[in-house]
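# Examination of the molecular architecture
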Amino acid sequence: MSKIASLEINGEKYEFPVIEGTENETAINIKTLRGATKGVITIDPGFKNTGSCQSAITYLDGEQGILRYRGYSIEDLAEKASFLETSYLLIFGELPSKKELETFETDIKSKYPTPDGLVKILEGFPKESHPMGILGSLTCALNAFFPECNQTNTENEVYNAITTALGQFPTLVSLALRKTQNLTQLTSDPKLGYVENIAQLLFKKEGEAYEQNQIINDALDKLLILHADHEQNCSASTVRIIGSSHASLFASLTGGINALWGPLHGGANQAVIEMLENIVNDGGDSKKYMEKAKDKQDSFRLMGFGHRVYKNFDPRARIVKKTADEVLNDLGVKDPTLDIAKALEKEALEDPYFVDRKLYPNVDFYSGIIYRAMGIPTDMFTVLFALGRLPGWIAQWKEMRTNKEPIGRPRQIYTGEKHREFVSSTVNS
Ligand code: ACO
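First, a word on scope: everything that follows refers to the structure included in this document. (Residues numbered from 1 in each chain as written. Predicted model: local features only at pLDDT ≥ 70, side-chain atom pairs only at ≥ 80, totals over all residues. Heavy atoms only, no water.)

## What about the site of the ligand?
In the vicinity of the ligand there are 21 residues, among which R301, L302, G304, R308 and Y353 approach most closely. Interatomic distance of 3.2 Å between a backbone N/O atom of L264 and a nitrogen atom of the ligand. H265 places a polar side-chain atom, nitrogen or oxygen, 2.9 Å from an oxygen atom of the ligand. Contact with the protein chains hides 77% of the accessible area of the ligand, taken as 920 Å² for the molecule alone. When the residues that make up the shell around the ligand are grouped by side-chain class, the tally is 10 nonpolar, five polar and six charged. (Near = heavy atom within 4 Å. Polar contact = N/O pair within 3.5 Å; in protein donor to acceptor, adjacent residues only side chain to side chain. Areas by Shrake-Rupley, 256 points an atom, 1.4 Å probe, with all protein chains shown as cover. Nonpolar A, V, L, I, M, F, W, Y, C, P; charged D, E, K, R; others polar.)

Right, here's the structure in full:
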């Protein structure tokens with residue numbers, strides 16, 4: 001029997017259908033609220049209680065610490081799948097057959113060549129630019145160089161836009177890195193695997209042949225998978241809302257990149273390593289920083305801790321922590337920031353402030369330590385997050401368009417001045 005929610009406003013009763021997801025999550029469908037009540041709306045800053053859509057892509061249970069893409073656990077995917085397989089799964093809903101994966105990879109690689117004009121745009125950026133700013137700008141510029149991708153009415157057109165985004169993105173990432181590091185630009189190499197090509201674009205040194213390192217490639221593949229989607233977070237919601245106006249895929253992705261940049265979202269991975277470095281340089285006293293994080297008069301937050309949805313361990317953080325240990329060990333890197341991170345985690349998990357507020361390490365707490373061990377500059381960490389999140393954003397955009405969702409347009413409660421007469425200030429003075 002279908003469930004109903006009742007609401008009483010000023011003595012009038014209204015009923016709304018209750019909908020349930022496949023994992024029994026419950027929502028009151030208030031689609032008719034404003035019309036039925038003649039103007040009443042809901043208000044929910046930060047959308048803490050608001051579902052913006054019904055989605056079949058990613059399931060996450062923040063209380064239990066569960067994350068699944070299309071029903072497959074993040075633990076299984078991180079262990080057994082490749083990033084490209086995971087991307088296909090997120091975007092098209094099923095794991096690809098061998099043949100489907102080969103075709104997908106070939107189609108993506110056919111979109112590798114970077115337009116000369118993009119590199120010319122890059123030349124105008126100062127060397128000190130933040131690479132996220134470069135990535136966002138170049139992604140938006142793709143609209144100009146691939147105008148055919150702005151048409152996404154047929155399945156073929158959608159597929160073309162998707163493979164172009166996945167084909168161009170590794171080069172855009174490396175353009176951002178190599179510009180800010182004063183390195184010669186490289187082009188993507190279709191003879192290499194997708195992640196091997198990314199490794200070469202990131203790590204190849206001037207005048208030297210690049211030797212693939214399996215430890216780095218495996219860790220990179222895993223990190224990209226772990227970041228690939230996370231349901232209706234700030235950047236995914238941004239992508240969906242931009243796309244809901246039927247702006248192009250590249251315009252929507254640009255919005256996602258900019259939303260991710262903030263330190264409360266993807267920018268946290270850069271903020272975490274800067275925080276850990278500060279603590280090391282300040283004598284390594286983790287307890288002092290724990291006290292600062294708890295002090296309400298102090299704006300300092302323990303970066304990489306807490307999450308809007310997880311009120312338990314972020315399952316990705318467990319995998320990243322284990323990977324950080326393995327990678328540093330395999331690469332023979334000793335990093336004092338890893339010791340500080342572990343000390344902070346231990347103290348936080350025993351401290352009533354963090355325990356009561358259910359604040360646990362999130363995916364970004366240990367990821368920067370791995371990127372650092374690989375030799376990636378700190379301001380590139382969020383760019384690497386964006387590279388991983390690309391298939392998730394694409395999947396969210398595609399689902400929103402396929403489901404023919406209406407344009408995103410929230411309401412507000414106006415708190416400004418009531419009507420007042422215009423009097424020219426030049427008359428008064
Ligand atoms: N350090 C110290 N206190 C914290 C932290 C933290 N990292 N995170 C939350 N709190 C406290 C808040 O001060 C608040 O305390 P109060 O109830 O006494 O006022 C309480 O915990 C709840 O915090 P909110 O900010 O209301 O929680 P919200 O869900 O809005 O924010 C967020 C979640 C933004 C992730 C927050 O935990 C945070 O700022 N963390 C640090 C930044 C970070 O790591 N971001 C990455 C998130 S993962 C991702 O986007 C990929």
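There is more to say after this.
## Quick word on the packing of aromatic side chains
For the structure shown, the criterion picks out 13 aromatic pairs. When the ring of F92 is compared with that of Y159, the centres are 6.2 Å apart and the planes differ by 40°; the resulting orientation is tilted. Highlighted residues: F92 in helix α3 (residues 83-92) and Y159 in helix α7 (residues 155-180), separated in sequence by 67 residues. For F92, a relative accessible area of 28% corresponds to the partly exposed category. Under the relative-accessibility criterion, Y159 is labelled partly exposed at 26%. With a centroid separation of 5.1 Å and 85° between ring planes, the pair formed by F305 and F365 is classed as edge-to-face. Highlighted residues: F305 in the loop between α13 (286-294) and α14 (315-331) and F365 in helix α17 (residues 364-374), separated in sequence by 60 residues. As far as the burial class goes, F305 and F365 line up, both buried. (Phe/Tyr/Trp six-rings, centres within 6.5 Å; stacked < 30°, edge-to-face > 60°. Helix = DSSP H or I, 4+ residues; strand = E, 2+ residues; numbered from the N terminus. Buried < 20%, exposed > 50% of the residue type's maximum accessible area, 1.4 Å probe, protein only.)

## Comments concerning the sheet that holds strand β2 (residues 12-20)
The strand order β1-β2-β3 describes an open sheet built from three strands, whose pairing is antiparallel. A single partner strand is all that each edge strand has here, and the edge strands are β1 (4-9) and β3 (26-28). Taking each pair of neighbouring strands and ignoring which way they run, the sheet shows an average axis angle of 30°. Judged from the three bridges that link them, β2 and β3 form a sheet pairing that is antiparallel. (Pairing = 2+ DSSP bridges. Axes fitted to C-alpha atoms, helices over the stretch in contact; angles between N-to-C directions.)

## Considerations on the sheet that holds strand β4 (residues 58-61)
The strand order across the open sheet built from three strands is β4-β5-β6, with neighbouring strands paired in antiparallel fashion. Edge positions in the sheet fall to β4 and β6 (72-73), since each of these pairs with one other strand and no more. Across four bridges, β4 lies against strand β5 (residues 66-69) in antiparallel orientation. Looking across to β5, one finds that D61 is bridged to I66.

## Side note on the packing of helix α9 (residues 214-226) against α14
For any two helices packed against each other, the geometry is given by the interaxial angle and the distance between the axes. Running from N to C, α9 and α14 point in directions that differ by 165°, and their axes come no closer than 11 Å. In this view, α9 runs roughly antiparallel relative to α14, as classed from their interaxial angle. Both α9 and α14 take part in a crossing whose hand is left-handed. Side by side, α9 and α14 meet where I215, I216, A219, K222, L223 and L226 of the first sit next to R316, I319, V320, T323, V327, D330 and L331 of the second. Residue composition of the contact of α9 with α14, grouped by class: nine nonpolar, one polar and three charged. (Parallel < 35°, antiparallel > 145°, perpendicular 65-115°, else oblique. Left-handed = near helix turned anticlockwise from the far one by under 90°. Contact = heavy atoms within 4.5 Å.)

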